[in-house]
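Residues per chain are reported as follows:
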Amino acid sequence: MITVLGSTNLDLIGTVSRIPKPGETVPGDKFSMAAGGKGANQALAARRAGAEVRMFAAAGTDSFADEALKLLRADGVDLSHVRIVDGPTGIAMIFVDEAGENVIAILPGANGTMSPADADAALAGLGIGSVLMLQQEIPQAATERALELARGQGVVSILNTAPFLKTTRAVAEQASIVIANETEFELLTGAGVERLDAAMADWARAQNQTVIVTLGPDGARAATPTGSFRVPALKVEPVDTVGAGDTFCGYLAAGLDQGLDLEAAMQRAAVAASLAVLKPGAQPAVPYAADVEKALKS
């Protein structure tokens, strides 16, 4: 069983010819709405990877709430711990350009009500070897409390460092596994891509934890206190990169929960993330385990 403490949003997505610069207006094409939120995306990915998943989150009383939770409910994520609070559901406003790159602004809505009490509820009864997934789209006090409890209870905590915050470094030091992209890892350590391997190894040894850096089309790298390795991605033409990182995180957590070693779990996660960029949207693009296994074999 994987426990996710995090955000749930409705994504408002516009496709544009290119990402606008500050103060610039550019023409667009299509508009769509899709369920999102980093916590919910990762919960769905873990579920579609075959894991049992329960979600601790908050949604609003507006018409967006049902839409935001629809795919989680349809795929069998346990939503009995999602609180419904007065006010709006979280919103992500996303622009996607012709190359599949994106920019995102988050309006937290109900996600902003998450508190250490939610962390207490999420960690209640979890023991050694349980898997907890965290991101940074809910108030950091809830995430900090969850990591504190996880360390004390022997729970494997996976922290995705997106979106990067001023307090991220201190929080990241408390997790079992840290997952960052290249930009976030540079913010975390000050090390650019030219020093990536050395900086990852230094961090893993200093913090006595596993750090994973996702590299988009170049796959992902991992460093542990005892060594490092890299896994490749599939060679694909991306349609939309929104949610690819969340797919990686969810599949990684599911693989570890299912008993795979770190390298095998990462390879499966990298392939799943590659498949996720072939469709628009975050949650609608998350692949199912059968498709990932087929891609791995081929």
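Let me sum up the structure you'll find in this document. The structure displayed is predicted, hence computed values, not measured ones. Within every chain, residues take consecutive numbers counted from 1 along the sequence as written. Whole-chain, interface and lining totals are the exception, using all residues; otherwise, since this is a predicted model, local features are given only for residues with pLDDT of at least 70 and side-chain atom pairs are given and counted only at 80 or more. To get the side-chain values, all heavy atoms of the structure are used, and hydrogens and water are removed first.

## Side note on the packing of helix H8 (residues 244-257) against helix H9 (residues 262-276)
Our working rule: Here an angle of 0 to 180 degrees is reported between the N-to-C directions of two axes, which are lines fitted to C-alpha atoms, with helices fitted over the stretch in contact. Only DSSP runs of H or I covering at least 4 residues are called helices, and only runs of E covering at least 2 are called strands; the numbering of each starts at the N terminus. Roughly parallel covers angles under 35 degrees, roughly antiparallel covers those over 145, roughly perpendicular covers 65 to 115, and oblique covers all other angles. Crossing chirality is assigned from the near helix's rotation relative to the far helix, an anticlockwise turn below a right angle marking it left-handed and a clockwise turn marking it right-handed. Whether two residues are in contact is decided by their heavy atoms: any pair within 4.5 Å suffices.
H9 packs onto H8 with a crossing angle of 150° between their chain directions and a minimal axis gap of 8 Å. In terms of axis orientation, H8 runs roughly antiparallel to H9. Note on packing geometry: the crossing formed by H8 with H9 is right-handed. Packed against H8, whose contacting residues are Ala244, Thr247, Phe248, Tyr251, Leu252, Gly255 and Leu256, the element H9 presents Leu262, Ala265, Met266, Arg268, Ala269, Ala270, Ala272, Ala273 and Ala276 at the interface.

## What to know about the side chain of Asn160
The condition that has to hold: Classification of residues uses two cut-offs on accessible area relative to the type maximum, computed with a 1.4 Å probe and protein chains only: under 20% is buried, over 50% is exposed, and between them is partly exposed.
Within the secondary structure layout, Asn160 lies in strand E9 (residues 156-160). By relative accessible area, Asn160 is classed as buried at 5%. Those residues in contact with Asn160 that sit more than four places away from it in its chain are Lys38, Gln42, Leu134, Gln135, Gln136, Ile179, Glu184, Asp246 and Cys249.

## Digging into the sheet that holds strand E5 (residues 78-84)
The cut-off we apply is this: In this description, strands pair whenever DSSP reports at least two bridges between them.
If you walk across this open sheet you meet the nine strands as E5-E4-E1-E8-E9-E10-E11-E12-E13, and the pairing is mixed. The open sheet is flanked by E5 and strand E13 (227-231), the only strands paired with a single partner. Averaged over neighbouring strand pairs, the angle between their axes works out to 15° when direction is ignored. Pairing between strand E12 (residues 220-224) and E13: five bridges, direction antiparallel. Its bridge partner lying in E13, Arg221 is registered against Arg230. Where helix H1 (residues 38-48) meets the sheet, it contacts strand E1 (2-5), strand E4 (53-59), strand E8 (131-134) and E9, and its direction lies at approximately 160° from that of E4.

## As for the pattern of salt bridges
Put simply, the rule reads: Between Lys or Arg on one side and Asp or Glu on the other, a salt bridge is scored when a side-chain nitrogen of the former is within 4 Å of a carboxyl oxygen of the latter.
One pass over the structure, following the stated rule, counts 13 salt bridges. Among the salt bridges present, the one from Asp75 reaches Arg48, with a minimum N-O distance of 3.2 Å. Of this pair, Asp75 sits in helix H2 (residues 64-75) while Arg48 sits in helix H1, and the two are 27 residues apart along the sequence. A single burial state applies to Asp75 and to Arg48, both of which are buried. A salt bridge links Asp202 to Arg195; its shortest N-O distance comes to 3.8 Å. Take Asp202: its relative accessible area is 38%, and that puts it in the partly exposed class. Arg195 gets classed as partly exposed once you look at its relative accessible area, which sits at 41%. If you follow the salt bridges from partner to partner, you end up with Asp120, Arg145 and Glu148 in one network.

## Notes on the nonpolar core
Put simply, the test is: Here the nonpolar core consists of buried residues drawn from Ala, Val, Leu, Ile, Met, Phe, Trp, Tyr and Cys, with membership extended through side-chain atoms lying within 4.5 Å.
Counting residues in hydrophobic clusters, the biggest one holds 47 residues, and the most contacted among them are Ile2, Met55, Ile212, Phe248, Tyr251 and Met266. A per-element tally of this core places H9 first, with nine residues. With residues up to four places along the chain from it excluded, the contact list for Ile212 reads Ile177, Val178, Ile179, Ala180, Met200, Ala220, Arg221, Ala222, Phe248, Leu252, Leu262 and Met266.

## Re helix H4 (residues 140-153)
As a reminder of what qualifies: One less than the number of residues in a helix, times 1.5 Å, gives the span that helix is expected to have.
In this model, H4 (14 residues) spans 20 Å end to end at C-alpha, consistent with the 20 Å of a helix rising 1.5 Å per residue. If you check which residues of H4 are buried, you get Gln140, Ala142, Thr143, Ala146, Leu147, Leu149 and Ala150. In this fold, the buried residues of H4 make contact with E1, helix H3 (116-123), E8, E9 and helix H5 (168-172). Where H4 ends, the next residue or the one after it, Gly154, has phi of about 75°, a positive value.

## Considering the pairing of E5
We count it as follows: We call a crossover right-handed when, viewed with the strands running away from us, the connection from the first strand over the helix to the second turns clockwise.
Here five bridges tie E4 to E5, and the two strands are oriented parallel to one another. Opposite Ala59, over in E5, you have Ile84 as the bridge partner. Following the backbone out of E4, through H2 and into the adjacent parallel E5, one traces a crossover that is right-handed.

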